[in-house]
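# Survey of secondary and tertiary structure
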Amino acid sequence: MQLEDNITNTAERKTLRDFTRLVLAFFGCLVVLSFYQYIRLYASGVLDGFLDKSLFLLLLHHTGFTALLSLFLTFLFNFLEGKKARLGFKVVAWLLLILLVVETLLIEYYIQNYEILGIRIFSLSISNSTLGITFLISLIALIGMGSLFYLFYRVTAQFYNLMSSMYPFTIVLFSLFLATLTSDKKPINENKTQHLISKVTDDLFDFNKYEGNAEFPLLKPYEQNDVLGGYFKLNKEKPNLVFLIVEGLGSDFVGDHSVYKGFTPFIDSLTTKSLYWNNYLSNTGESFAAVPSILGSLPFGKNGFTHIEKSPNRHTLLSILKNNGYVTSFNYGGNSALNYLDKFMNEERVDLILDKKGFGDRYQMQDDDDAGISLGYPDNDLFRN
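Quick caveat, the model's predicted, so the values are computed rather than measured.

Along the protein chain, the regular secondary structure elements total 12 helices and 2 strands. Moving toward the C terminus, one meets the helices and strands of the protein chain in the order α-α-α-α-α-α-α-α-α-α-β-α-β-α. For the protein chain, with 385 residues in total, the buried portion stands at 34%. The contacts of the protein chain with a sequence gap of at least 6 include a subset with a gap of at least 24, amounting to 66%. Put simply, the protein chain shows about 25,600 Å² of open surface, and 60% of that area lies on carbon and sulfur atoms.

Pasting the structure below:
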């Protein structure tokens, strides 16, 4: 009787072939999500096309993530199947389904905000209305991914003979993962779940965090002191003011102590007869947040000042100049709608907003980057326009 039970239990036990079918079904769902992301971005005007190199890189990174994930789950699958028949199969299937739902939600967030979530996911504020929408999207993702996952699992029944033993299978998985390490990763072509796990892991093992008790350790009382007034000569006529914001132009290129001397000779000459700060620190790592920071000393906040739904009252150079009779304009070679720069300018009552929609055939957009996206028109064409 005991021998018959053992034979029955062995017959019900899932094998590596069944695990391979789960992995192939999981990867098939990721391929569908890849096309979903690019079609959505293309439909919203962010991408000029979706069948490009960037899509291929995304599929490659999905392959690497699937390979690495499968490498670990293989051992879990075999261990649990050794304990109880079908237990490893059920646990791995649910884990893969949960990861698909998470990837769907992260892709949806990226499409809505053009931002890939990392450790900042724990600081996101969720209102009652947002919670309801998130729950609905999660439910739709669970049903949709569950159905698709099951469909691909049924379809892959004819492919499960591809790998028949444990050790060759793990070698193949590890090789696929190594192939993705040298590929160029950008937010648009990364596996969003892998990025999130990587950033959370880095944060957990970051031992250089501030551990003090002071809520605002750098906060000091404001002392009014006119330190710049003496440098300006005020005439009867108002001067024309032009602010040039150049992304990435740091101390490596400007000044006597620059690494690349002579790279910006005209700016170098200005430093000898102008107000020049040779020690400075950016309060944002995002290029779109530089405009509110420079023109209004506005903080980045959680997602960037331009992402605030209800903008607070403030004084910026734009609004101050506008209130003093100036005609203001904002000239930008990229898409001002991204990260709500156009919204910020409209709130400042800027008279003219020129972005890449205002360029004609006489101007040439810069080449696409590795993600297949052009950032807009280069400086030369911007100045000509």
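There's more to say after this.
Right, let's talk about the packing of aromatic side chains for a bit. Each aromatic ring pair is characterised by the separation of its centres together with the angle its planes make. For the structure shown, the criterion picks out 9 aromatic pairs. Aromatic side chains F359 and Y377 sit 4.1 Å apart centroid to centroid with 10° between the ring planes, which places their arrangement in the stacked category. Placement of F359 in the loop between β2 (352-354) and α12 (379-384) and of Y377 in the loop between β2 and α12 is noted, with a sequence separation of 18 residues between them. Side by side, F359 and Y377 carry an identical accessibility label, which is buried. Cluster of aromatic residues (ring-pair linked, three or more members): F253, Y260 and F263. Sitting over the ring of F89, K14 keeps its end group 4.9 Å from the ring centre. Above the plane of the ring of Y153 lies R21, whose end atom (NZ or CZ) is 3.9 Å from the centre.

Moving on, we get to helix α3 (residues 53-83). Compared with the 45 Å implied by 1.5 Å per residue over 31 residues, the 45 Å span of α3 between its first and last C-alpha is a close match. At L73, α3 shows its largest bend, some 30°.

This paragraph deals with the side chain of T20. Examined against the element boundaries, T20 turns out to sit in helix α2 (residues 16-43). Reaching out from T20, the side chain makes a polar contact with the backbone oxygen of L16 at a distance of 2.8 Å.

To continue, consider a nonpolar patch on the surface. There is a patch of nonpolar side chains on the surface, built from V227, L228, Y231, F232, L234, L275, W277 and Y280 and spanning about 940 Å² of accessible area. Structurally, the position occupied by L275 is in the loop between α8 (265-271) and α9 (290-296). The exposure class of L275 is partly exposed, given its relative accessible area of 34%.

On to the side chain of T306, then. Structurally, T306 can be placed in the loop between α9 and α10 (317-323). A distance of 2.6 Å separates the side chain of T306 from the backbone oxygen of N339, its partner in a polar contact.

Attention now goes to the confidence of the model for the protein chain. Of the residues in the protein chain, 88% have a pLDDT of 70 or more, and the chain-wide mean is 82. Within the protein chain, helix α1 (residues 2-12) has the poorest average pLDDT of any element, 46, and strand β1 (residues 329-331) the best, 94. The low-confidence segment residues 1-10 (pLDDT under 50) makes 1 contact with residues lying over four places distant or belonging to another chain.

This brings us to the nonpolar core. Core analysis: the largest hydrophobic core is formed by 35 residues, its most contacted members being L22, F26, L96 and F149. When residues of this core are traced back to their parent elements, those giving at least two are α2, α3, α4 (87-113) and α5 (128-155). By residue number, the principal contributor to this core is α2, which donates 11 residues. Contacts of F26, omitting those with residues within four sequence positions, involve F65, T66, L69, L96, L99, L100 and F149.

The next point concerns empty space enclosed by the protein. All told, the structure shown has 1 cavity of 30 Å³ or more when counted by the stated rule. By residue class, the composition of the lining of the largest cavity is 4 nonpolar, 2 polar and 2 charged.

Let us now look at unusual backbone geometry. With a phi close to 75°, R86 is a non-glycine residue in the positive phi region. In this fold, R86 is placed in the loop between α3 and α4. In the Ramachandran plot, S297 falls in the positive-phi region, its phi being about 50° despite a non-glycine side chain. Looking at where S297 falls in the secondary structure, it is placed in the loop between α9 and α10. Look at S297 and you get exposed, because its relative accessible area is 63%.

Now for the pattern of salt bridges. Enumeration according to the criterion identifies 7 salt bridges in this entry. As a salt-bridge pair, E108 and R40 come within 3.4 Å of each other at their nearest N and O atoms. Within this pair, whereas E108 is found in helix α4, its partner R40 is found in helix α2, the two being separated by 68 residues in sequence. E108 gets classed as buried once you look at its relative accessible area, which sits at 14%. Residue class for R40 comes out partly exposed when judged on its relative accessible area of 27%. For E348, the salt bridge goes to R314, with nearest N and O atoms at 2.8 Å.

Criteria and cut-off values
- Residues numbered from 1 in each chain as written.
- Predicted model: local features only at pLDDT ≥ 70, side-chain atom pairs only at ≥ 80, totals over all residues.
- Heavy atoms only, no water.
- Helix = DSSP H or I, 4+ residues; strand = E, 2+ residues; numbered from the N terminus.
- Buried < 20%, exposed > 50% of the residue type's maximum accessible area, 1.4 Å probe, protein only.
- Contact = heavy atoms within 4.5 Å.
- Areas by Shrake-Rupley, 256 points an atom, 1.4 Å probe, with all protein chains shown as cover.
- Phe/Tyr/Trp six-rings, centres within 6.5 Å; stacked < 30°, edge-to-face > 60°.
- Lys NZ or Arg CZ within 6 Å of the ring centre and 35° of its normal.
- Expected span 1.5 Å × (residues − 1).
- Bend = angle between axes of the 7 residues up to and from the residue.
- Polar contact = N/O pair within 3.5 Å; in protein donor to acceptor, adjacent residues only side chain to side chain.
- Patch = residues over 30% accessible without salt bridge, like charges linked within 9 Å, V, L, I, M, F, W, Y side chains within 5 Å.
- Salt bridge = Lys/Arg side-chain N within 4 Å of Asp/Glu carboxyl O.
- pLDDT = per-residue confidence, 0-100.
- Core = buried A, V, L, I, M, F, W, Y, C linked by side-chain atoms within 4.5 Å.
- 1 Å grid on protein atoms, 1.4 Å probe; cavity = no way out; pocket = protein on both sides within 12 Å on 5 of 7 lines; lining within 4 Å.
- Points joined across faces, edges and corners; volume = space filled by probe spheres on them.
- Nonpolar A, V, L, I, M, F, W, Y, C, P; charged D, E, K, R; others polar.

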